[in-house]
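# Fold and geometry: a report
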Amino acid sequence: MPDPAVLAQLREQLRAMETQGFRRRPVLPFGMQALDSRLANGGLRLDALHEIAAASSDMAEDCAATLFMAGIAARAWGPVLWVVRRRDLFAPGLSQVGLDHKRLIYAEARDDAELLAVMEEGLRHRGLGAVIGEVKRADMTASRRLQLAAEGGRTIALLMRRHAREGSDPLSATSAAVTRWRVGCAPSTPLPVEGVGRARWQLALVRQKGGEPFEMQVEACDATGRCALPANVADRKAAAGGAARRAA
(Lines give C-alpha, C1' and ligand atoms only; values in the text may rest on other atoms or scores of the structure.)
Protein backbone atom coordinates (compact mmCIF):
# COMPACT_ATOMS: atom_id res chain seq x y z
CA MET A 1 0.00 0.00 0.00
CA PRO A 2 1.34 3.50 -0.85
CA ASP A 3 2.34 5.66 2.11
CA PRO A 4 -0.59 8.10 2.84
CA ALA A 5 1.88 10.85 3.75
CA VAL A 6 3.63 10.50 0.38
CA LEU A 7 0.28 10.59 -1.45
CA ALA A 8 -0.78 13.71 0.46
CA GLN A 9 2.51 15.44 -0.41
CA LEU A 10 2.12 14.48 -4.07
CA ARG A 11 -1.42 15.88 -4.16
CA GLU A 12 -0.19 19.18 -2.72
CA GLN A 13 2.57 19.37 -5.33
CA LEU A 14 0.11 18.71 -8.16
CA ARG A 15 -2.31 21.29 -6.78
CA ALA A 16 0.47 23.88 -6.65
CA MET A 17 1.46 23.07 -10.24
CA GLU A 18 -2.14 23.39 -11.45
CA THR A 19 -2.56 26.83 -9.88
CA GLN A 20 1.02 27.95 -10.60
CA GLY A 21 1.51 28.67 -6.90
CA PHE A 22 -1.34 31.22 -6.77
CA ARG A 23 -4.87 31.03 -5.43
CA ARG A 24 -7.53 30.00 -7.90
CA ARG A 25 -8.81 33.08 -9.67
CA PRO A 26 -12.55 33.80 -9.39
CA VAL A 27 -14.54 33.79 -12.62
CA LEU A 28 -17.86 35.17 -13.80
CA PRO A 29 -19.65 32.51 -15.87
CA PHE A 30 -22.15 33.41 -18.58
CA GLY A 31 -24.48 30.70 -17.29
CA MET A 32 -24.55 29.02 -20.72
CA GLN A 33 -22.85 25.65 -20.81
CA ALA A 34 -22.34 25.92 -24.57
CA LEU A 35 -20.34 29.12 -24.01
CA ASP A 36 -18.70 28.60 -20.61
CA SER A 37 -17.39 25.16 -21.60
CA ARG A 38 -15.36 26.77 -24.41
CA LEU A 39 -13.75 29.36 -22.16
CA ALA A 40 -10.39 28.39 -20.66
CA ASN A 41 -11.48 29.46 -17.17
CA GLY A 42 -15.11 28.36 -17.40
CA GLY A 43 -16.13 32.03 -17.51
CA LEU A 44 -14.57 35.49 -17.50
CA ARG A 45 -11.80 36.03 -14.98
CA LEU A 46 -12.80 38.76 -12.54
CA ASP A 47 -9.20 39.85 -11.93
CA ALA A 48 -8.46 40.49 -15.58
CA LEU A 49 -8.85 42.77 -18.58
CA HIS A 50 -11.31 41.79 -21.32
CA GLU A 51 -11.64 43.71 -24.59
CA ILE A 52 -14.76 44.10 -26.71
CA ALA A 53 -15.24 45.64 -30.14
CA ALA A 54 -18.23 46.04 -32.42
CA ALA A 55 -18.09 43.97 -35.60
CA SER A 56 -18.32 47.18 -37.63
CA SER A 57 -18.72 50.92 -37.17
CA ASP A 58 -22.49 50.56 -37.69
CA MET A 59 -24.50 52.11 -34.85
CA ALA A 60 -26.55 48.94 -34.28
CA GLU A 61 -23.44 46.84 -33.78
CA ASP A 62 -21.87 49.50 -31.58
CA CYS A 63 -24.99 49.29 -29.39
CA ALA A 64 -24.80 45.47 -29.35
CA ALA A 65 -21.21 45.60 -28.09
CA THR A 66 -22.18 48.16 -25.44
CA LEU A 67 -25.08 46.03 -24.19
CA PHE A 68 -22.85 42.93 -24.16
CA MET A 69 -20.49 44.76 -21.77
CA ALA A 70 -23.39 46.07 -19.70
CA GLY A 71 -24.77 42.54 -19.32
CA ILE A 72 -21.43 41.31 -18.02
CA ALA A 73 -21.21 44.22 -15.55
CA ALA A 74 -24.80 43.60 -14.44
CA ARG A 75 -23.83 40.09 -13.29
CA ALA A 76 -20.75 41.30 -11.41
CA TRP A 77 -20.94 42.38 -7.77
CA GLY A 78 -21.06 45.93 -6.49
CA PRO A 79 -20.82 49.40 -8.08
CA VAL A 80 -19.76 49.85 -11.71
CA LEU A 81 -17.47 52.64 -12.90
CA TRP A 82 -18.08 53.55 -16.56
CA VAL A 83 -15.55 55.98 -18.06
CA VAL A 84 -16.60 57.69 -21.31
CA ARG A 85 -15.34 60.27 -23.78
CA ARG A 86 -18.81 61.39 -24.79
CA ARG A 87 -22.17 61.49 -23.04
CA ASP A 88 -24.07 59.01 -25.17
CA LEU A 89 -24.96 56.24 -22.71
CA PHE A 90 -28.72 55.63 -22.37
CA ALA A 91 -29.48 54.52 -18.81
CA PRO A 92 -32.91 52.94 -19.59
CA GLY A 93 -31.24 50.81 -22.27
CA LEU A 94 -28.60 49.61 -19.81
CA SER A 95 -31.28 48.77 -17.25
CA GLN A 96 -33.00 46.52 -19.79
CA VAL A 97 -29.98 44.21 -19.62
CA GLY A 98 -29.88 44.27 -15.83
CA LEU A 99 -27.50 47.17 -15.11
CA ASP A 100 -29.41 49.42 -12.71
CA HIS A 101 -28.57 53.13 -12.82
CA LYS A 102 -28.15 53.12 -9.03
CA ARG A 103 -25.05 50.95 -9.43
CA LEU A 104 -23.45 53.19 -12.05
CA ILE A 105 -20.74 55.77 -11.48
CA TYR A 106 -20.02 57.86 -14.57
CA ALA A 107 -16.69 59.56 -15.25
CA GLU A 108 -15.96 61.70 -18.32
CA ALA A 109 -12.42 61.86 -19.66
CA ARG A 110 -10.89 64.44 -21.99
CA ASP A 111 -8.93 61.93 -24.06
CA ASP A 112 -7.94 58.25 -24.23
CA ALA A 113 -4.91 58.75 -21.98
CA GLU A 114 -6.99 60.26 -19.18
CA LEU A 115 -9.67 57.59 -19.64
CA LEU A 116 -7.14 54.79 -19.24
CA ALA A 117 -5.66 56.47 -16.15
CA VAL A 118 -9.11 56.72 -14.53
CA MET A 119 -9.79 53.06 -15.31
CA GLU A 120 -6.49 52.05 -13.73
CA GLU A 121 -7.28 54.06 -10.60
CA GLY A 122 -10.72 52.44 -10.39
CA LEU A 123 -9.25 48.95 -10.66
CA ARG A 124 -6.74 49.62 -7.91
CA HIS A 125 -9.51 50.86 -5.60
CA ARG A 126 -10.73 47.26 -5.09
CA GLY A 127 -14.22 48.45 -4.09
CA LEU A 128 -15.85 48.20 -7.53
CA GLY A 129 -17.47 45.25 -9.24
CA ALA A 130 -16.54 46.36 -12.75
CA VAL A 131 -14.60 49.14 -14.48
CA ILE A 132 -15.58 49.91 -18.07
CA GLY A 133 -13.95 52.25 -20.57
CA GLU A 134 -14.29 53.11 -24.27
CA VAL A 135 -11.25 54.12 -26.30
CA LYS A 136 -10.09 54.42 -29.88
CA ARG A 137 -6.43 53.82 -29.13
CA ALA A 138 -4.69 51.89 -26.37
CA ASP A 139 -1.23 50.41 -26.90
CA MET A 140 0.29 47.29 -25.36
CA THR A 141 1.71 49.25 -22.43
CA ALA A 142 -1.70 50.70 -21.56
CA SER A 143 -3.42 47.30 -21.71
CA ARG A 144 -0.67 45.73 -19.60
CA ARG A 145 -1.12 48.43 -16.94
CA LEU A 146 -4.86 47.69 -16.80
CA GLN A 147 -4.22 43.95 -16.56
CA LEU A 148 -1.71 44.43 -13.73
CA ALA A 149 -4.10 46.77 -11.90
CA ALA A 150 -6.87 44.17 -12.10
CA GLU A 151 -4.78 41.20 -10.94
CA GLY A 152 -5.29 40.14 -7.35
CA GLY A 153 -8.71 41.77 -7.05
CA ARG A 154 -12.33 40.97 -7.90
CA THR A 155 -12.97 43.91 -10.23
CA ILE A 156 -13.47 42.91 -13.85
CA ALA A 157 -12.00 45.31 -16.42
CA LEU A 158 -13.92 45.77 -19.68
CA LEU A 159 -12.36 47.89 -22.41
CA MET A 160 -14.39 48.69 -25.51
CA ARG A 161 -12.23 49.48 -28.52
CA ARG A 162 -14.14 51.78 -30.84
CA HIS A 163 -13.60 51.96 -34.59
CA ALA A 164 -11.17 54.77 -35.36
CA ARG A 165 -12.04 54.88 -39.06
CA GLU A 166 -14.12 53.01 -41.60
CA GLY A 167 -12.75 49.57 -42.37
CA SER A 168 -10.26 49.45 -39.49
CA ASP A 169 -10.09 46.56 -37.05
CA PRO A 170 -9.98 47.78 -33.42
CA LEU A 171 -8.64 44.41 -32.29
CA SER A 172 -5.65 44.40 -34.65
CA ALA A 173 -3.42 46.12 -32.06
CA THR A 174 -1.51 43.89 -29.63
CA SER A 175 -2.94 43.67 -26.13
CA ALA A 176 -2.45 42.05 -22.73
CA ALA A 177 -6.19 41.34 -22.43
CA VAL A 178 -7.13 37.82 -21.30
CA THR A 179 -10.03 37.67 -23.77
CA ARG A 180 -10.90 39.73 -26.85
CA TRP A 181 -14.45 39.71 -28.23
CA ARG A 182 -16.11 40.95 -31.39
CA VAL A 183 -19.88 41.51 -31.22
CA GLY A 184 -22.17 41.89 -34.21
CA CYS A 185 -25.88 41.78 -34.97
CA ALA A 186 -27.46 38.62 -36.35
CA PRO A 187 -30.89 38.12 -37.98
CA SER A 188 -33.57 37.36 -35.39
CA THR A 189 -36.56 35.09 -35.87
CA PRO A 190 -39.96 36.68 -35.06
CA LEU A 191 -41.98 34.96 -32.38
CA PRO A 192 -45.34 33.64 -33.65
CA VAL A 193 -47.40 35.42 -30.96
CA GLU A 194 -45.78 38.75 -30.19
CA GLY A 195 -44.36 39.20 -33.66
CA VAL A 196 -41.09 40.56 -32.29
CA GLY A 197 -38.18 38.25 -31.60
CA ARG A 198 -35.38 38.69 -29.10
CA ALA A 199 -32.36 40.30 -30.72
CA ARG A 200 -29.49 38.01 -31.67
CA TRP A 201 -25.77 38.65 -31.58
CA GLN A 202 -22.90 37.01 -33.39
CA LEU A 203 -20.15 36.59 -30.79
CA ALA A 204 -16.59 35.96 -31.90
CA LEU A 205 -13.97 35.26 -29.25
CA VAL A 206 -10.98 36.42 -31.27
CA ARG A 207 -8.41 35.48 -28.65
CA GLN A 208 -8.27 33.94 -25.20
CA LYS A 209 -5.29 33.02 -23.07
CA GLY A 210 -5.14 29.27 -22.57
CA GLY A 211 -7.89 28.48 -25.04
CA GLU A 212 -9.00 28.51 -28.66
CA PRO A 213 -10.95 31.21 -30.49
CA PHE A 214 -14.51 30.44 -31.56
CA GLU A 215 -17.75 31.96 -32.83
CA MET A 216 -21.34 31.38 -31.84
CA GLN A 217 -24.72 33.02 -32.17
CA VAL A 218 -26.64 33.95 -29.02
CA GLU A 219 -29.81 35.76 -28.03
CA ALA A 220 -29.12 39.20 -26.58
CA CYS A 221 -28.95 39.78 -22.82
CA ASP A 222 -32.21 39.67 -20.90
CA ALA A 223 -33.17 41.69 -17.83
CA THR A 224 -30.71 39.69 -15.70
CA GLY A 225 -27.74 40.34 -18.02
CA ARG A 226 -27.75 36.78 -19.37
CA CYS A 227 -27.50 35.67 -22.99
CA ALA A 228 -29.14 32.47 -24.22
CA LEU A 229 -28.86 30.03 -27.07
CA PRO A 230 -31.26 30.85 -29.91
CA ALA A 231 -34.43 28.79 -29.53
CA ASN A 232 -33.89 26.82 -32.74
CA VAL A 233 -30.35 25.85 -31.69
CA ALA A 234 -31.48 24.88 -28.19
CA ASP A 235 -34.30 22.78 -29.67
CA ARG A 236 -31.85 20.95 -31.94
CA LYS A 237 -29.56 20.23 -28.98
CA ALA A 238 -32.47 18.97 -26.90
CA ALA A 239 -33.69 16.76 -29.76
CA ALA A 240 -30.20 15.34 -30.26
CA GLY A 241 -29.94 14.58 -26.55
CA GLY A 242 -33.34 12.88 -26.55
CA ALA A 243 -32.40 10.77 -29.54
CA ALA A 244 -29.18 9.73 -27.82
CA ARG A 245 -31.08 8.70 -24.69
CA ARG A 246 -33.62 6.73 -26.71
CA ALA A 247 -30.83 4.99 -28.58
CA ALA A 248 -29.20 4.07 -25.28
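What you are looking at is a predicted structure, and each value in this text was computed from that prediction instead of being measured. (Residues numbered from 1 in each chain as written. Predicted model: local features only at pLDDT ≥ 70, side-chain atom pairs only at ≥ 80, totals over all residues. Heavy atoms only, no water.)

With that out of the way, let us pick up the side chain of Thr66. Relative to the elements of secondary structure, Thr66 occurs in helix H3 (residues 59-75). Not counting residues up to four positions away in its chain, the partners in contact with Thr66 are Trp82, Leu89, Leu94 and Met160. (Helix = DSSP H or I, 4+ residues; strand = E, 2+ residues; numbered from the N terminus. Contact = heavy atoms within 4.5 Å.)

For the rest of this paragraph, the subject is the pattern of salt bridges. This structure, assessed with the given rule, holds 13 salt bridges. Notably, a salt bridge pairs Asp62 with Arg162, separated by 2.7 Å at the nearest N-O pair. Linking Asp62 in helix H3 with Arg162 in the loop between strand S7 (156-161) and strand S8 (179-186), this pair joins segments that are 100 residues apart in sequence. Summarising the burial analysis for this pair, Asp62 and Arg162 share the class buried. The shortest N-O distance in the salt bridge between Arg162 and Glu134 comes to 2.5 Å. Residue Arg162 is found in the loop between S7 and S8, and its partner Glu134 is found in strand S6 (residues 130-135); the two are separated by 28 residues along the sequence. Here the salt bridges share partners, and the residues they tie into one network are Asp62, Arg86, Asp88, Glu134 and Arg162. (Salt bridge = Lys/Arg side-chain N within 4 Å of Asp/Glu carboxyl O. Buried < 20%, exposed > 50% of the residue type's maximum accessible area, 1.4 Å probe, protein only.)

Turning our eyes to something else, we now look at the nonpolar core. Generally speaking, nonpolar side chains in soluble globular proteins are found buried as a group. Formed by 41 residues in total, the largest nonpolar core has its most connected members in Phe68, Trp82, Leu99, Trp181 and Trp201. Broken down by secondary-structure element, the contributors of at least two residues to this core are strand S3 (49-54), H3, strand S4 (80-84), S6, S7, S8, strand S9 (200-208) and strand S10 (214-219). The contacts of Trp82, once residues within four sequence positions are left out, are Thr66, Met69, Ala70, Leu89, Leu94, Leu99, Leu104, Ile105, Tyr106, Ala107, Ile132 and Glu134. Core analysis: the next-biggest nonpolar cluster, separate from the first, contains 19 residues, Leu49, Leu123, Leu128 and Ala177 among them. (Core = buried A, V, L, I, M, F, W, Y, C linked by side-chain atoms within 4.5 Å.)

Glancing now at the pairing of S8. Counting buried positions along S8 yields six of eight residues, so the element is predominantly enclosed. For S8 and S9, the ladder comprises eight bridges, and the chain directions are antiparallel. Bridge assignment links Gly184 to a residue of S9, and that residue is Gln202. (Pairing = 2+ DSSP bridges.)

Further remarks concern the sheet that holds S9. The strand order across the open sheet formed by eight strands is S5-S4-S6-S7-S3-S8-S9-S10, and the pairing between neighbours is mixed. Among the strands making up the open sheet, the edge pair consists of strand S5 (104-108) and S10. Averaged over all pairs of adjacent strands, the angle between their axes in this sheet comes to 20°, without regard to strand direction. Bridge analysis of S9 against S10 gives six bridges, and the strand direction is antiparallel. Note on S10: the bridge partner recorded for Leu205 is Phe214. Across the sheet, H3 is in contact with S3, S4, S6, S7, S8 and S9; its angle to S8 comes to roughly 125°. (Axes fitted to C-alpha atoms, helices over the stretch in contact; angles between N-to-C directions.)

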